[in-house]
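Commentary on secondary and tertiary structure
Here are the chains, one letter per residue:
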Amino acid sequence: MKELELKYGCNPNQKPARVFVDEGDLPLTVLNGRPGYINLLDALNGWQLVKELKEATGLPAATSFKHVSPAGAAIGKPLSDTLKQIYFTDGVELSPLACAYARARGADRMSSFGDFISLSDECDEATALLIKKEVSDGVIAPAFSPKALEILKAKKNGNYCVIQIDASYVPPETEVKQVFGVKFEQGHNFLKIDENCLSNIVTKNKKLSEDEKHNLIIALITLKYTQSNSVCYVKDGQAIGIGAGQQSRVHCTRLAGQKADNWWLRQSPKVLGLQFVDGIKRADRDNAIDVYIGEEYEDVLAEGSWQKIFKVKPEVFTREEKKDWLSKNTDVALGSDAFFPFGDNIERARKSGVTVIAQPGGSVRDDQVIETADKYNMVMCFNGIRLFHH
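Report follows, based on the coordinates. Going along each chain's sequence as written, the residues are numbered from 1 onward. Side-chain atom pairs in this predicted model are given and counted only at pLDDT of 80 or more, local residue features only at pLDDT of at least 70, and totals for whole chains, interfaces and linings cover all residues. By convention in this description, side-chain values take in all heavy atoms of the structure and omit both hydrogens and water.

**Focus on the overall build of the chain**
Going along the chain from the N terminus, every DSSP run of H or I of four or more residues is numbered as a helix, and every run of E of two or more is numbered as a strand. Broken down by element type, the chain carries 14 helices and 15 strands. At 21 Å, the chain has a C-alpha radius of gyration in line with the 21 Å of a compact globule built from 390 residues. The dimensions of the chain, computed from C-alpha atoms along their principal axes, are 60 × 55 × 40 Å. With a 1.4 Å probe rolled over the protein chains alone, any residue whose accessible area is under 20% of its type maximum counts as buried; one over 50% counts as exposed, and the rest are partly exposed. Put simply, the chain has 390 residues, and 53% of those count as buried. Restricting the contact set of the chain to residue pairs at least 6 apart, pairs at least 24 apart contribute 57%. Taken as a whole, the chain presents about 18,500 Å² of accessible surface, with 50% of it coming from carbon and sulfur. Atoms considered for the radius of gyration are the C-alpha atoms alone. The globule rule reads 2.2 Å times the number of residues to the power 0.38. In what follows, a contact means two residues having at least one pair of non-hydrogen atoms within 4.5 Å. The accessible surface values rely on the Shrake-Rupley method and a 1.4 Å probe; as for residues, cover is taken only from the protein chains in view.

What follows is the structure, given as structure tokens:
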């Protein structure tokens, strides 16, 4: 098949719409549902991300995409009991791929609502059972087990989008896009990200463990498919905070840092102990947690409001308590798709437990940025690689 007609483009008024190739066949097959324009942008970007994560780490990988940027990305490392609880994996015997998906979907549950999922390996029953629980538009993978396909086809009243990608497909050397009738052409970004990208360590502390290298590689590959400007915080094989599409780099660092902080706060005893009313919807529960750990917590603790959410009114999660819990988060890796122009990015990253950094370098203030990293005994690599994506 060389062409696939779409219902409409980015918006309902943008018709006609299609995806097609000039030569050969489309590298994808729609097994169920009808994908939209943005669905396919998410699917094809996400597939590239997980394919590269699998190649770089040797472990199954998953990503949760929304509006052409990942909300989460991860490799299939086992989950702790706490992560199983905050990712709501109860009732599923987790495979490595299911672990990767649970991590990718669970990093930023608010952003992942209605996502498009990409999987590096054949979708198995365990992963399909996790997907079944979530609000999602679709999934792309190189294959689906019969049982997984049966489960997924039943989602959204039979309209859930399931796409099989040809894992052997290699895109052309050049890629073309059109904006306002003007065509743009550039070489496809075949840049390989591996440990060689981490060899130029510019700080006094030059000790990088294998796990830290993995985390930095995950951050950089994630950034390769994130709308710029972007930064990515990674811990234990998964992105925990992604700041995408910001004009200011420090705003990226703050946005992603806040997401990383929320991920960590969700693991605190106060949040784990929340008692929700029976039958609460998953999205309402996730939103309540997000508000409870934020500055607008009174919205869910007010009289007449908390009774609709909680069985027992929670105590306020005070600023001092949150600060104390956040101080326990360590061993976080940070990647940036372009250089840090000021040390303020490092200062903000430190507050979210960052100890290792990978960035291109090249700022006129590199000395100041290195000095700030040295102040906190961080390890920082200058990889000389810009990873802008638009």
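**Some words on the packing of helix 8 (residues 249-265) against helix 12 (residues 319-326)**
Close contact between helix 8 and helix 12 brings their axes to 10 Å; oriented N to C, the two are set at 95 degrees. Taken together, the axes of helix 8 and helix 12 lie roughly perpendicular to each other. Between helix 8 and helix 12, the residues in contact are Asp261, Trp264 and Leu265 and Lys322, Trp325 and Leu326, respectively. By the convention adopted, Pro, Cys, Tyr, Trp, Phe, Met, Ile, Leu, Val and Ala count as nonpolar, Lys, Arg, Asp and Glu as charged, and the other residues, Gly among them, as polar. Residues belonging to the contact of helix 8 with helix 12 are distributed by class as follows: four nonpolar, no polar and two charged. As a rule, the C-alpha atoms of each element are fitted with a line to give its axis, helices using only the stretch in contact, and angles between N-to-C directions run from 0 to 180 degrees. These descriptions rest on fixed angle ranges, namely under 35 degrees for roughly parallel, over 145 for roughly antiparallel, 65 to 115 for roughly perpendicular, and the rest for oblique.

**Quick word on helix 12**
Of all the positions in helix 12, only Lys322, Trp325 and Leu326 are classed as buried. Looking straight down helix 12, one finds its buried side chains confined to an arc of 95 degrees; they lie on one side. When the buried face of helix 12 is taken as reference, the exposed residues oriented beyond 90 degrees from it are Glu320 and Lys323. The secondary structure elements touched by the buried residues of helix 12 are helix 8 and helix 9 (269-272). Regarding the arc, it is the one traced by the directions from the helix axis to the C-beta atoms.

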